[in-house]
Structure formats: structure tokens, C-alpha cells
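Topology and contacts: notes
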Amino acid sequence: VDNMNITIQPPAPMLLQPSTNTAIPVNADTTHYNLFVFNDIDLQTGAPFIFPADRALTEHMGDGVDEGFAALDDAAITRITKFPSIFANENASYGHAAEDQVLGLGFVKQLKVRHEGIKIYPDIRYLIPQQRLNEALFELDLRGTGSFNEFNRTHWCIKRIDLIGELRELGFNI
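First things first, this report covers the structure right here in the doc. (Residues numbered from 1 in each chain as written. Predicted model: local features only at pLDDT ≥ 70, side-chain atom pairs only at ≥ 80, totals over all residues. Heavy atoms only, no water.)

Turning next to the environment of I50. Here I50 lies in strand 3 (residues 49–52). Using a relative accessible area of 54% as the deciding quantity, one classes I50 as exposed. With 67 residues separating them along the chain, I50 and G117 place their C-alpha atoms 6.0 Å apart. Among residues more than four places away in sequence, those in contact with I50 are F38, G117, I118 and K119. (Helix = DSSP H or I, 4+ residues; strand = E, 2+ residues; numbered from the N terminus. Buried < 20%, exposed > 50% of the residue type's maximum accessible area, 1.4 Å probe, protein only. Contact = heavy atoms within 4.5 Å.)

This is how it looks when you write it as C-alpha cells:
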């Protein structure tokens, strides 16, 4: 045989794809979670990104949640880094992620607060099909509908929900 063409199909994406470090830290605080929705989060490398200050901790927060975190003082940052976090790029269309679009589940390693923005250092532990969470608005306390929801708008908010527990109830093996 002089030439042979072989087509290798990538495996179908797993429901939950572990990243490099999959353990949930012992000191994790699961009483709340961070939701970061942005347009340029590199989920594969977990590179730091600069989040706009005017979209940080200003919307979609439950009663009383914003009071403890809005100042981003040392105590707030310490708590924020212990919360599980969702790192998502905006939905590809209204209420719907692209077929292959994933989001990251992990923690915030570090925050650097400046006047013009906040540098977020993500520690992404899992990749999850984003559309699955578009369909779990109630469970994750996300505002919106099937046609427009929080995954359609750049913002960072903190939710008073046990994210890990809810994801387990949704069938994710975390």
C-alpha cells in the first residue's frame, strides 16, 4: 500500500471531564459558589483573566450576599477563594451553548483587585458541558429562562447554594 488514509474520530465528550487536579479541597466552603461568565476564559490552560470591575459582584446576587463580599477586602477574598466556582464563557446564542462548549468547575487560586479590573487566577478541576447547566437554572439559582439567562451576560456573582451538592443531584460524579 502506497497511501493509506485513516480517520480517527475523537471520543464523545464525557459528561464530566476531570482536569489535572480533581480533588475538592478539604477546606472548601460549599455554602456559596462563584459564577464567572466572561468572553475570554481559557478553560484548557486556566490562564488568569482580567474581569471588568463594573461587572463584578453587582448583579444577580441574593439578598444579603453582596454585603459581605462587595468590598473585596482581605476577609472577603479569603472566603471567595474557598467557594467552588463556575468559569464560563458566554453562551453561543440566547439560552444555548454551542454543542461542544464546556465550562470549568474549580476554585479561585488568587485575586488581584485594581481600579479597572480584577485579575482572577482560576484553578479549573473539571470541564462540564455548558448546555447541561443552562438546563439547571432552578437548581443553581440562575436567573433567566431557556431563551436568555445568566450565561448570556458577562458578570461575576456569588450564589448562596451548595454547588457541589446540586451538581451531584444532577448526576455529576464529583
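Counting residues in each nonpolar core, the largest one holds 46 residues, and the members touching the most others are I86, F87, L111, I120, L133, F151 and W156. Every element with two or more residues in this core is listed here: strand 2 (33–38), strand 3, helix 2 (74–80), strand 4 (85–89), strand 5 (102–113), strand 6 (117–129), strand 7 (155–159) and helix 4 (163–169). (Core = buried A, V, L, I, M, F, W, Y, C linked by side-chain atoms within 4.5 Å.)

The topology assignment puts H32 in the loop between strand 1 (17–18) and strand 2. Here the side chain of H32 touches T31 through a polar contact of 2.8 Å, side chain to side chain. (Polar contact = N/O pair within 3.5 Å; in protein donor to acceptor, adjacent residues only side chain to side chain.)

For the rest of this paragraph, the subject is unusual backbone geometry. One non-glycine residue, L57, adopts positive backbone phi at about 55°. Relative to the helices and strands, L57 resides in the loop between strand 3 and helix 1 (65–69). Residue L72 is not a glycine yet carries a positive backbone phi of 50°.

Below, the discussion takes up the packing of aromatic side chains. The way to describe two aromatic rings as a pair is by their centre distance and the angle between their planes. On inspection of all chains with the given rule, the structure shows 10 aromatic pairs. Centre to centre, the rings of F36 and F51 are 6.1 Å apart; their planes meet at 75°, and the pair counts as edge-to-face. Pair noted here: F36 is in strand 2 and F51 is in strand 3, with a separation of 15 residues, a long-range link. What makes F36 buried here is its relative accessible area of 0%. Taking 6.4 Å as the distance between ring centres and 85° as the angle between the ring planes, the aromatic pair formed by F49 and F87 counts as edge-to-face. Residue F49 is found in strand 3, and its partner F87 is found in strand 4; the two are separated by 38 residues along the sequence. Taken as a pair, F49 and F87 share a single burial class, namely buried. Members of the aromatic cluster, connected to one another through ring pairs, are F36, F38, F49, F51, F87 and W156. (Phe/Tyr/Trp six-rings, centres within 6.5 Å; stacked < 30°, edge-to-face > 60°.)

By themselves, these figures tell us nothing about what the structure is for.
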